[in-house]
Amino acid sequence: VQLQASGGGLVQAGGSLRLSCAASGRTFSGGAMGWFRQTPGKEREVVAAIKWTGGSTYYADSGKGRFIISRDNAKNTMYLQMNSLKPEDTAVYYCAAQTRWYRGSYDSLGSYDYWGQGTLVTVSS
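Remember, predicted model here, so these are calculated numbers, not experimental data.

K.L.:
Teacher, can you tell me more about the pairing of strand β7 (residues 67-72) here?
P.N.:
A regular strand places its side chains on the two faces of the sheet in alternate fashion. The pairing of β7 with strand β8 (residues 77-82) spans 6 bridges and is antiparallel. What sits directly across from Asp72, in β8, is Thr77. Taken together, β7 and the strand that follows it, β8, pair antiparallel across an intervening segment of 4 residues, in which Asn76 is found at a positive phi of about 55°.

K.L.:
Please clarify how the nonpolar core should be interpreted in this entry.
P.N.:
For soluble globular proteins, the rule of thumb is that nonpolar side chains tend to be buried together. Membership of the largest hydrophobic core comes to 27 residues, with the highest contact counts inside it found for Met33, Trp35, Met78, Leu80, Met82 and Tyr93. Broken down by secondary-structure element, the contributors of at least two residues to this core are β1 (2-6), β3 (17-24), β4 (32-38), β5 (45-51), β7, β8, β9 (91-97) and β11 (119-124). If you look at the next biggest cluster of nonpolar residues, it comprises 8 residues, including Val46, Ala49, Ala96 and Tyr106.

K.L.:
Could you clarify how one ought to interpret the state of the cysteines in this entry?
P.N.:
Each disulfide consists of one covalent bond between the sulfur atoms belonging to two cysteines. In this structure the tally under the stated criterion is 1 disulfide. Here Cys21 connects covalently by a disulfide to Cys95, the sulfurs 2.2 Å from one another. One disulfide, between Cys21 and Cys95, carries an S-S torsion of 65° and so falls in the right-handed class. Of this pair, Cys21 sits in strand β3 while Cys95 sits in strand β9, placing them 74 residues apart in sequence.

K.L.:
How should the packing of aromatic side chains be read in this particular structure?
P.N.:
Working definition: an aromatic ring pair is given by the centre-to-centre distance plus the angle between the planes. The full count for this structure, using the stated rule, is 6 aromatic pairs. Geometrically, the ring pair formed by Tyr58 and Tyr106 is stacked, given 5.5 Å between the ring centres and 20° between the ring planes. You can see Tyr58 sitting in strand β6 (residues 57-59) and its partner Tyr106 sitting in the loop between β9 and β10 (114-115), a full 48 residues away along the chain. Owing to a relative accessible area of 25%, Tyr58 belongs among the partly exposed residues under this scheme. Classification of Tyr106 by relative accessible area gives buried; the value is 11%. Centroid distance Trp101 to Tyr106: 5.7 Å. Interplanar angle 50°. Geometry classified as tilted. What links up through ring pairs into an aromatic cluster is the set Phe36, Tyr112 and Trp115. Across the ring face of Tyr94, the terminal group of Arg44 is positioned such that the distance to the ring centre comes to 3.6 Å. Positioned above the aromatic ring of Trp101 is the side chain of Lys51, whose terminal nitrogen or guanidinium carbon lies 4.0 Å from the ring centre.

Each value, and the rule that gives it
Residues numbered from 1 in each chain as written. Predicted model: local features only at pLDDT ≥ 70, side-chain atom pairs only at ≥ 80, totals over all residues. Heavy atoms only, no water. Pairing = 2+ DSSP bridges. Helix = DSSP H or I, 4+ residues; strand = E, 2+ residues; numbered from the N terminus. Core = buried A, V, L, I, M, F, W, Y, C linked by side-chain atoms within 4.5 Å. Buried < 20%, exposed > 50% of the residue type's maximum accessible area, 1.4 Å probe, protein only. Disulfide = S-S within 2.5 Å. Phe/Tyr/Trp six-rings, centres within 6.5 Å; stacked < 30°, edge-to-face > 60°. Lys NZ or Arg CZ within 6 Å of the ring centre and 35° of its normal.

Honestly, that's just the spatial picture; any functional story needs more than this.
Structural data, given as structure tokens:
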């Protein structure tokens, strides 16, 4: 199983980026996929997550109203559209996947079974 994250880069404050996470090796129909981010010295935190079946979404407060998570079941790919980016959004963004979703698991790092390699997002002021 492999999760390949891409789409990071350097953008000015107020700009937009779209991250992609392509999954291969299996599908995650019983779970959710999520985006997390981490900066040096801080714990990894959830940004957004989406159930693979049904498409229910979860957003951390940091991204509400600015970020949109989506998935393409046919392509086994998840996306994160990030708008109105701020310098504090600068981080390494990771995608992750669960094999089984349960209530309260969206923001639980331990509930995710597979992780991508991370993609760096840098927002300049």
